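Survey of secondary and tertiary structure
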Amino acid sequence: NAFAAALGIPSDLKGACDVIMRGHTRQVDGASCNGEKTMILLAGVGFEANMVDNADKTIVKKMFGPLAYVLGGAKELVQGENFRCRLVVDGQHVPFEKNGKLSAQSVTVAVVAPPTSLMAQGTGLVIPDDGLLDV
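These remarks concern the structure in this document. (Residues numbered from 1 in each chain as written. Predicted model: local features only at pLDDT ≥ 70, side-chain atom pairs only at ≥ 80, totals over all residues. Heavy atoms only, no water.)

**Comments concerning the overall build of the chain**
Here is the rule: Helix and strand assignments follow DSSP, with helices taken as H or I runs no shorter than four residues and strands as E runs no shorter than two, numbered in order from the N terminus. Only protein chains enter the area calculation, which uses a 1.4 Å probe; residues under 20% of their type maximum are buried, those over 50% are exposed, and those in between are partly exposed. It only takes one pair of heavy atoms within 4.5 Å for two residues to be counted as in contact. Per-residue accessibility takes into account occlusion by the displayed protein chains alone, with areas from the Shrake-Rupley method and a 1.4 Å probe.
On a plain count of helices and strands, the chain comes out with six helices and eight strands. When the helices and strands of the chain are placed in sequence order, the string is α-α-β-β-β-α-α-α-β-β-β-β-β-α. Relative to its full complement of 135 residues, the chain shows a buried share of 28%. In the chain, the proportion of contacts linking residues at least 24 apart, taken out of those at least 6 apart, comes to 49%. In the structure as shown, the chain presents an accessible area of about 9,300 Å², 58% of it carried by carbon and sulfur atoms.

What follows is the structure, encoded as structure tokens:
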């Protein structure tokens, strides 16, 4: 589970329960995506989302696990296209260019992200309880 990995929680049930039983709990940030869905990990459009989608549709994922994402990413590098987008935070448009739109191949907004989610990591560490979203 990517959320558990990002927080350093063991992936096995016993290990995860041991963390909780030892009182190692913490409050993390949350966000709303499109005003409808609550997210505690990340939301992405473009490259990363398509890479995950490409990986999920292949038998390679069952056979090779994380390597499927590398193959999905390679496919998206070849087929991916730029798109125009706007970012709205707390009802306010975030200006990227003079016309307020950004041309991008990917936009990822993260509350917390595992190290394997390169698009969410960007140039720094995604901190799950700083009250900020990382774009």
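**What about helix α5 (residues 67-79)?**
The test is simple: A helix is expected to span 1.5 Å for every residue after the first. Taken from the helix axis, the directions to the C-beta atoms give the arc we talk about.
If you check α5, its first and last C-alpha atoms are 19 Å apart, about what 13 residues at 1.5 Å a residue would give, namely 18 Å. If you check which residues of α5 are buried, you get Ala68, Gly72, Gly73 and Glu76. Axial view of α5: buried residues confined to an arc of 135°, hence all on one face. Of the exposed residues in α5, the ones pointing more than 90 degrees away from its buried face are Val70, Leu77 and Val78.

**Observations concerning the pairing of strand β8 (residues 106-110)**
For the record, the criterion: For two strands to count as paired, DSSP must find a minimum of two bridges between them.
Across the five residues of β8, five count as buried, placing the element largely inside the fold. Burial along β8 is two-sided: the face carrying Ser106, Thr108 and Ala110 and the face carrying Val107 and Val109 are both buried. By the bridge criterion, five bridges tie strand β3 (residues 42-46) to β8 in an arrangement that is antiparallel. Its bridge partner lying in β8, Ala43 is registered against Val109.

**Some details on the side chain of Glu48**
The criterion, for reference: Identification of polar contacts relies on pairs of N or O atoms within 3.5 Å, with a donor-acceptor requirement for protein atoms, meaning one able to donate a hydrogen and the other able to accept it, and with residues adjacent in sequence counted only if both atoms are side-chain atoms.
Tracing the backbone through its elements, the reader meets Glu48 in helix α3 (residues 47-56). The exposure class of Glu48 is buried, given its relative accessible area of 8%. Polar contacts involving the side chain of Glu48 include one to the side chain of Thr108, which spans 3.1 Å.

**Remarks on the pattern of salt bridges**
Spelled out, the test is: One side-chain nitrogen of Lys or Arg within 4 Å of one carboxyl oxygen of Asp or Glu is enough to make a salt bridge.
Applying the stated rule across the entire model yields two salt bridges. A salt bridge links Lys14 to Asp18, with the shortest nitrogen-to-oxygen separation between them at 3.1 Å. Of this pair, Lys14 and Asp18 both sit in helix α2 (residues 13-21), four residues apart, roughly one helical turn. A residue is classified by how much of its surface remains accessible, and Lys14, at 58% relative accessible area, is exposed. Taking the shortest distance from any N to any O, the salt bridge between Arg26 and Asp129 comes out at 3.2 Å.

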